[in-house]
Amino acid sequence: MSELLTAESVPPPAPGADDYLALDFVNSAIALPGGHFVDLLGTPGATNRWLTERGLAPEDAGVQEMCAAQLRSLREHLRVLFAARAGGLPALPAALSAVNDALSRAPSAALLYWDDKRGPYRTTPCPTNEILDRALATLAANAADLLTGPDADRLTPCRSTPCNRYLLRHGRRHWCSVRCGDRARAARAYARRTQPKED
């Protein structure tokens with residue numbers, strides 16, 4: 001079931017999402033209480049907006065469904081890798097392949113250009129047909145940095161049901177938002193109250 005996007009339905013960014021774009025990307029599919037689901041990449045327009053807000057595409061990129069589907073596919077592969085890393089499990093080869101494919105889609109070196117007025121400069125060209133490849137490569141590289149970097153040990157799923165987001169754990173906090181923390185504490189309190197008393 002999909003829910004209309006409202007400010008109340010989308011939780012704030014999870015801890016670490018401001019530091020790792022890939023964490024924000026993986027968390028763009030959000031399970032909410034009551035069987036509701038919000039997908040910030042659910043339509044081409046929503047995908048274009050998400051990419052634009054993060055500097056990965058211009059507003060007029062004209063993202064098509066095929067491009068949105070490729071991004072959603074990468075997101076699912078990254079979720080698999082995040083789950084494997086957080087759970088201490090081996091990675092699925094298909095997920096690794098998908099990330100490595102995305103990594104190889106865009107050139108990593110900025111090319112040298114020369115402007116008559118400002119002289120030499122370097123930039124990476126990004127024609128319209130390369131916007132998706134560049135976004136995929138950027139997201140995959142950021143995920144690889146997170147998974148292989150010093151913060152990888154802090155990567156954990158939110159411990160509040162039904163939330164499916166990931167966060168970077170700080171201290172004992174295992175929730176992606178205050179709302180999820182409150183929900184988890186309320187569930188524990190309810191379980192204690194309803195637990196049968198032993199005689």
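Remember, it's a predicted structure, so these values are computed and weren't measured experimentally.

Draft legend 1. Representation of the pairing of strand β1 (residues 29-32) in the model. Here β1 shows two buried faces, one formed by A29 and A31 and the other by I30 and L32. Bridge analysis of β1 against strand β2 (residues 36-39) gives four bridges, and the strand direction is antiparallel. Residue pairing in the sheet places L32 in a bridge with H36 of β2. Connecting β1 to the next strand, β2, in antiparallel fashion are three residues, including G34 with a positive phi near 80°.

Draft legend 2. Structural view of the environment of V80. With respect to the helices and strands, the residue V80 is situated in helix α3 (residues 65-87). Not counting chain neighbours up to four residues away, the residues in contact with V80 comprise L92 and A95.

Draft legend 3. Spatial organisation of unusual backbone geometry. Here the amide bond leading from T161 into P162 is cis, since omega sits at 5°, within 30 degrees of zero. By the element assignment, P162 lies in the loop between β5 (155-157) and β6 (166-168).

Draft legend 4. Highlighting the packing of helix α4 (residues 93-103) against helix α5 (residues 131-148). The contact between α4 and α5 brings their axes to 7 Å, and the two run at 125°. The orientation of α4 relative to α5 falls into the category oblique. Where α4 crosses over α5, the handedness of that crossing is left-handed. In this structure, α4 uses V99, A102 and L103 to contact α5, whose residues at the interface are L136, A137, A140 and A141. Residue composition of the contact of α4 with α5, by class: seven nonpolar, no polar and no charged.

Draft legend 5. Just the nonpolar core, in detail. Residues F25, W50, L51, L71, L74 and F82 are the most contacted members of the largest nonpolar core, which totals 37 residues. Only α1 (21-26), β1, α2 (44-53), α3, α4, α5 and β6 provide two or more residues apiece to this core. Contact partners of L51, with chain neighbours within four places excluded, come to L56, A57, V63, L71 and A135. Judged by nonpolar contacts, the second largest core, of seven residues, contains A14, C158, C163 and C176.

What counts as what
Residues numbered from 1 in each chain as written. Predicted model: local features only at pLDDT ≥ 70, side-chain atom pairs only at ≥ 80, totals over all residues. Heavy atoms only, no water. Buried < 20%, exposed > 50% of the residue type's maximum accessible area, 1.4 Å probe, protein only. Helix = DSSP H or I, 4+ residues; strand = E, 2+ residues; numbered from the N terminus. Pairing = 2+ DSSP bridges. Contact = heavy atoms within 4.5 Å. Axes fitted to C-alpha atoms, helices over the stretch in contact; angles between N-to-C directions. Parallel < 35°, antiparallel > 145°, perpendicular 65-115°, else oblique. Left-handed = near helix turned anticlockwise from the far one by under 90°. Nonpolar A, V, L, I, M, F, W, Y, C, P; charged D, E, K, R; others polar. Core = buried A, V, L, I, M, F, W, Y, C linked by side-chain atoms within 4.5 Å.

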